[in-house]
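So the chains spell out like this:
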Amino acid sequence: MSETSRGLTRFLRPRSIAVIGGGAWCHAVVLQSQKMGFSGPIWPVHPKADKIAGMSAYADIQDLPGPPDAVFIGVNRTATIDAVTRLASFGAGGAVCFASGFSEASAEDESGASLQEQLVRAAGDMPILGPNCYGFINALDGALLWPDQHGCKRVEQGVAILTQSSNIALNLTMQRRALPLAYTVSCGNMAQTTQAQIAIGLLDDPRVTAIGLHIEGFSDLRAWEALAHKAHSRGVPLIALKVGRSDQARAATVSHTASLAGGDAGAQAFLNRLGIPRLPDLPSFLETLKLLHVTGKLPSNRLASVSCSGGEASLMADIASGFDVSFPPLNDRQRRDLRAALGPKVSLANPLDYHTYIWRDTQAMTRTFAAITDPSIALTALVVDYPHTDASDWRCVTDAAIGVRAQTGTPVAVAATLGELLPEDTAQELLNGGVIPMHGLTETLQAAEAASKQYVICEEPVLLPGPERQATLLSEADAKTALAAHGLPIPRHTLAPSRETVAQAAEKLSSPLVLKGMGLAHKSEAGAVVLNLTPDTIENAAETVPGNSFLIEEMVEHGIAELLVGITRDPAHGFTLTLAAGGVLTELMADSTSLLVPSPREAVYEALAKLRIWPLLSGFRGKPPVNIDAVLDAVMAIQSYVISNAATVEEVEINPLICTKETAIAADALIRKAP
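Attention here is on the structure that accompanies the text. These figures come from a predicted structure and were not determined experimentally.

Our next topic: the packing of helix H10 (residues 282-295) against helix H16 (residues 441-452). Helices that pack against each other are described as a pair by the angle of their axes relative to one another and the distance between those axes. Where H10 contacts H16, the axes come no closer than 8 Å and their chain directions differ by 55°. If you check the angle between H10 and H16, you find them oblique. You can see that H10 and H16 cross each other, and the crossing is right-handed. Here Pro 283, Ser 284, Glu 287, Thr 288, Leu 291 and Leu 292 of H10 lie close against H16, whose contacting residues are Glu 443, Gln 446, Ala 447, Ala 448, Ala 450 and Ala 451. A per-class count over the contact of H10 with H16 returns seven nonpolar, three polar and two charged.

Next comes the structure, spelled out in structure tokens:
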């Protein structure tokens, strides 16, 4: 079912709530919404109980005053299917399915449908969350279809967090970092409504400032693409904490590409393509959401740092070396204003140690902090640690931070070196004053990097692969011929069916020549490649080369650099395009980057520029650069072949693609595809 046919606004922003079941979980749902100040009616449903959590209960769904907007179903899995069937026919807005044991259960009805399939069929067009999930907290309207404790407070605007895990969702509500949580959603099994579709629905609430997604896997690529496009058009930042980095790469069958692109590469490429920054852990995930809530995306990665300690200034600079952020030198205006505020004794730099001469002087501190802010600086971070013993002397820095934010209108953060050194009440006061309270220097820099990250957004949808089929390996000659038909340059070549015919076949080509034994995947390792031959020497060379038939090619000369260009079928993400240092450097350098097919020419260029081998491609130490246009032409030709053969191709690899001043030629090619 498409997102357009299943509206979620009524469900996620309900005016009426029903709770089906009488256990402790259902009592909690009623009490949670009451405590949060939900203004609409709450209707408990139970066939025997007169009251649930002190409220009069209805014996049956049909007895309700009207179709409820949101329903929490807290009964067993079989009764859940019946309840969903009746709610859908009654016109309810949506339901949270709390029960577990659906996807694990075997088929039970006459059609062979599993319990989870029966549940989806019962729901029809009515949205359902789960099964096996806690539901959601709407802290904007006080609507909590949530059966457990939580740490949320009523807010007027804030971020949304979506996770498949109910436990992680609960834990994140307990954060004490002054991050306003507008929505917390546990997605559960996502039998019907996916994580991406829920996020699309939340984008319709203008009170949502940013969305954080804890992702276990992408189930519907088209829904994720729709989410990214809608979020970008609405100006609502998305971030992700995608698990799976530690998964071992897929076992390489016949290519280097399979190992380079295995595991997590496709997921990272998909997030990059959607323009969604990825965070490595929960603390940086929360801090990034907080920064985005206050400022939105940052226009650049240029930062300023201010502290009253040389040690903190050095620590900030050192930690920053691991992130894509910069502390640009002070300009003349900043130096002039800082000198006027601090006097002659302070050495001026960015990061700045302003010493403690002006401590407790709120006006002087405000002038100093304002002096280092600048239109060219995306974020000014004031490094401040509040003691948990007596923080009365720290009132000056809180007031100065809020003052400089009001005076300059530029993004300002107060960053504690340790999370516990920024109390929640102080963090909330800073946030109320428009200052970003950041818990931890590493998290601050991680958030700044994510918020300032620039992407080449691809509007074209990813290429979806066909179903998995038994694939076979094409010969190198056939692979090259197939790729050449799509515009990939290949060497002039000929085939020799036996050792006795290689000399005669070689006379058709120009020396120097390459002799290759056919029928082997890794020819170099098997000693099946011999270089720098002539028609006079090739017959003797053939005696040492394994194989019964042979490929003879003209050698590619004057190569400047070698690249690997490979594409593998990734059932979870489409087709992963891998660019890497090629030839003998592939394993040695482990220098690779991944995109998804199709990728536009400019995205391929940007990816190549990120490789460590890029200086060699662009001209290193007086050597000429390669023809980058020819390299890009080659990559686009390989993509063209895969697009035309998406239903059958499993992997394609060119290694090496020999790059010269004039051209880029596939010296070796591999294709594995189904008949």
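Before going further, it helps to examine the nonpolar core. With 102 residues, the main nonpolar core has Leu 162 and Ile 211 as its most contacted residues. Not counting the four nearest positions on each side in its chain, Ile 211 is found in contact with Ala 160, Leu 162, Ala 199, Leu 202, Leu 203, Val 236, Pro 237, Leu 238, Ile 239 and Leu 289.

Once that is clear, we can look at the environment of Pro 491. On the secondary structure map, Pro 491 appears in the loop between helix H17 (476-484) and strand S20 (493-496). Under the relative-accessibility criterion, Pro 491 is labelled buried at 6%. Along the chain, Pro 491 and Ala 667 lie 176 residues apart, while their C-alpha atoms are 6.9 Å from each other. Once residues within four sequence positions are removed from consideration, Pro 491 is found in contact with Lys 480, Glu 553, Glu 554, Val 556, Ile 665 and Ala 666.

Turning our attention to the pattern of salt bridges. Under the defined criterion, the tally for this structure stands at 27 salt bridges. Between Asp 69 and Arg 10 there is a salt bridge, with its nearest N and O atoms 2.6 Å apart. Of this pair, Asp 69 sits in the loop between strand S4 (55-56) and strand S5 (70-73) while Arg 10 sits in helix H1 (residues 9-12), and the two are 59 residues apart along the sequence. Given a relative accessible area of 36%, Arg 10 falls into the partly exposed group. One salt bridge connects Asp 393 with Arg 360, and the closest N-O pair in it is separated by 3.1 Å. Note that Asp 393 is positioned in the loop between strand S16 (379-383) and helix H14 (395-408) and Arg 360 in the loop between strand S15 (352-353) and helix H13 (362-372), a separation of 33 residues in sequence. One salt-bridge network, held together by shared partners, links Arg 13, Asp 141, Asp 205 and Arg 207.

The subject of this paragraph is the packing of helix H3 (residues 77-90) against helix H4 (residues 115-123). One can describe the packing of H3 onto H4 by two numbers: an axis separation of 8 Å at closest approach and a directional angle of 15°. Taken together, the axes of H3 and H4 lie roughly parallel to each other. In this structure, the crossing between H3 and H4 has a hand that is left-handed. Contacts from Arg 77, Thr 80, Ile 81, Val 84, Thr 85 and Ala 88 in H3 reach Leu 115, Gln 118, Leu 119, Ala 122 and Ala 123 in H4. Within the contact of H3 with H4, the residues separate by chemical class into seven nonpolar, three polar and one charged.

Criteria and cut-off values
Residues numbered from 1 in each chain as written. Predicted model: local features only at pLDDT ≥ 70, side-chain atom pairs only at ≥ 80, totals over all residues. Heavy atoms only, no water. Axes fitted to C-alpha atoms, helices over the stretch in contact; angles between N-to-C directions. Helix = DSSP H or I, 4+ residues; strand = E, 2+ residues; numbered from the N terminus. Parallel < 35°, antiparallel > 145°, perpendicular 65-115°, else oblique. Left-handed = near helix turned anticlockwise from the far one by under 90°. Contact = heavy atoms within 4.5 Å. Nonpolar A, V, L, I, M, F, W, Y, C, P; charged D, E, K, R; others polar. Core = buried A, V, L, I, M, F, W, Y, C linked by side-chain atoms within 4.5 Å. Buried < 20%, exposed > 50% of the residue type's maximum accessible area, 1.4 Å probe, protein only. Salt bridge = Lys/Arg side-chain N within 4 Å of Asp/Glu carboxyl O.

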